[in-house]
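Secondary and tertiary structure notes
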Amino acid sequence: MAAKVDLTLDCANAQLLAAFWKTALGCVDEPPPAPFTTREEWLAQFDLPEDDTEDDGAWLCDPDGVGPRLSILKVPEPKTAKSRLHIDVRVPGHGSPEERWARIKAESGRLVKAGGRVLEEFDGHHVVMADPEGNEFCVASAKP
C-alpha cells in the first residue's frame, strides 16, 4: 500500500491562497479533527504564539476524499526562490490535441481570473502559472 500524501504551502496570506486553491482544485475547507467542532478549538490545544490566529492557516480537502489534503500555513519569511515541488492541475484529457489544448487554455484563463498569472506557455502541451503569492504550478491535460 502506498503512503498517503499531504501537501503544505507556506505563505504570507493563508486565506488568500486558500480561496485561490479552492477555486483551482475544487477543494473544500476540511473540518477540524474529532472531537473538535472548530479550528479555533483545535488550535487551542497547541502552544502557539499569542499573535497566531485561526486565519494563519487553512486546511483543504477533496470533497470526494480522493486527492491529497492541502495545508496552507502563514510563515514569517517571504518566498525567495523557485519551488522545487509544484502542483499540476490536470484538466480532462479526451478529444483531439486541439481540443485538449483549448481546455488547458480555458482553465488557465479561469485561474488568471481567480488571481493566478501565466508565466509561460508550452504550446499544445501545458501552461506554467503562479498562484497569487508566486508559487508555481502547471495546467496540463489528464491522460485520456
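The present account deals with the structure reproduced in this document. Because the structure is a prediction, the values reported are computed rather than measured.

1. Considerations on the packing of helix α1 (residues 14-25) against helix α3 (residues 97-113)
- Contact geometry of α1 with α3 gives a least axis separation of 10 Å together with a crossing angle of 160°. Comparing their axes, α3 and α1 come out roughly antiparallel. For the element pair α1 and α3, the recorded crossing hand is right-handed. Contacts between α1 and α3 pair F20, T23 and A24 from the former with E107, R110 and L111 from the latter.
- Taken together, the residues of the contact of α1 with α3 sort by class into 3 nonpolar, 1 polar and 2 charged.

2. Let's talk about α3
- Over its 17 residues, α3 runs 25 Å from end to end, which matches the ideal 24 Å to within 8%, given 1.5 Å per residue.
- Those residues of α3 not exposed but buried are W101, I104, E107, S108 and L111. Down the axis of α3, the buried side of the element spans an arc of 125°, and every buried residue falls inside it. Structural note: α3 exposes E98, A106 and K113 on the side pointing more than 90 degrees away from its buried face.
- Positive phi shows up at G115, right after α3, with a value of about 120°.

3. Observations regarding α1
- Taking 1.5 Å of rise per residue, 12 residues should cover 16 Å, and α1 covers 16 Å from first to last C-alpha, within 8% of that figure.
- Where α1 is concerned, the buried positions are A14, L17, A18, F20, W21 and A24. Seen end-on, α1 carries its buried residues on one side only, within an arc spanning 165°.
- On its buried face, α1 sits against β1 (6-11), β3 (57-61), β4 (69-74), β5 (87-91), α3 and β8 (136-141).
- Structurally, the start of α1 carries an N-cap: the backbone nitrogen of Q15 is 3.2 Å from a side-chain oxygen of N13.
- Backbone geometry just downstream of α1 places G26 in the positive-phi region, at approximately 75°.

4. Some details on the layout of surface pockets
- Volume-wise, the largest pocket comes out at about 470 Å³.
- Along the wall of the largest pocket there are 22 residues; nearest its centre are T8, L9, D10, S83 and N135.
- Per-element tally for the lining of the largest pocket: the top contributor is β1, with 5 residues.
- Class assignment for the residues of the lining of the largest pocket results in 11 nonpolar, 5 polar and 6 charged.

5. What to know about the pairing of β3
- Of all 5 residues in β3, 5 are buried, a share of seventy percent or more.
- Residues of β3 alternate between two faces, with G57, W59 and C61 on one and A58 and L60 on the opposite face, all of them buried.
- When strand β2 (residues 28-29) meets β3, the two strands line up antiparallel, connected through 2 bridges. Following the sheet pairing, D29 is matched in β3 by L60.
- With 4 bridges joining them, β3 and β4 adopt antiparallel strand pairing. Paired with G57 across the strands is L73, a residue of β4.

Parameters at a glance
- Residue positions are given per chain, counting from 1 as you read along its sequence in written order.
- Whole-chain, interface and lining totals are the exception, using all residues; otherwise, since this is a predicted model, local features are given only for residues with pLDDT of at least 70 and side-chain atom pairs are given and counted only at 80 or more.
- The side-chain figures draw on all heavy atoms in the structure; neither hydrogens nor water molecules are used.
- Every axis corresponds to a line fitted to the C-alpha atoms, with the helix fit spanning only the stretch in contact, and the corresponding angles, defined between N-to-C directions, vary from 0 to 180 degrees.
- Secondary structure follows DSSP: runs of H or I at least 4 residues long count as helices, runs of E at least 2 residues long count as strands, and numbering of each begins at the N terminus.
- Roughly parallel covers angles under 35 degrees, roughly antiparallel covers those over 145, roughly perpendicular covers 65 to 115, and oblique covers all other angles.
- Note on convention: near helix rotated counterclockwise from far helix by under a right angle means a left-handed crossing. Clockwise means right-handed.
- Any two residues whose heavy atoms approach within 4.5 Å are treated as being in contact.
- Asp, Glu, Lys and Arg are counted as charged, while Ala, Val, Leu, Ile, Met, Phe, Trp, Tyr, Cys and Pro are counted as nonpolar; the rest, among them Gly, fall into the polar class.
- Multiplying 1.5 Å by the helix residue count minus one yields the expected span of that helix.
- Burial classes: relative accessible area under 20% of the type maximum marks a residue as buried, over 50% as exposed, and values in between as partly exposed (1.4 Å probe, protein chains only).
- Arc definition: directions from the helix axis to the C-beta atoms.
- As used in this structure description, the phrase polar contact means that two N or O atoms lie within 3.5 Å; if the pair is within protein, one of them must be able to donate a hydrogen and the other to accept it, and residues adjacent in sequence are counted only when both atoms belong to side chains.
- Of the two site types, the cavity is a set of points on a 1 Å grid over the protein atoms alone where a 1.4 Å probe fits but cannot get out, and the pocket is an open set with protein on both sides within 12 Å along at least five of seven lines, each lined by residues with an atom within 4 Å of a point.
- Grid points are joined across faces, edges and corners, and a volume is the space filled by probe spheres set on the points.
- The pairing criterion for strands is at least two bridges between them, as found by DSSP.

Don't take any of this as a statement about function, it's just geometry.
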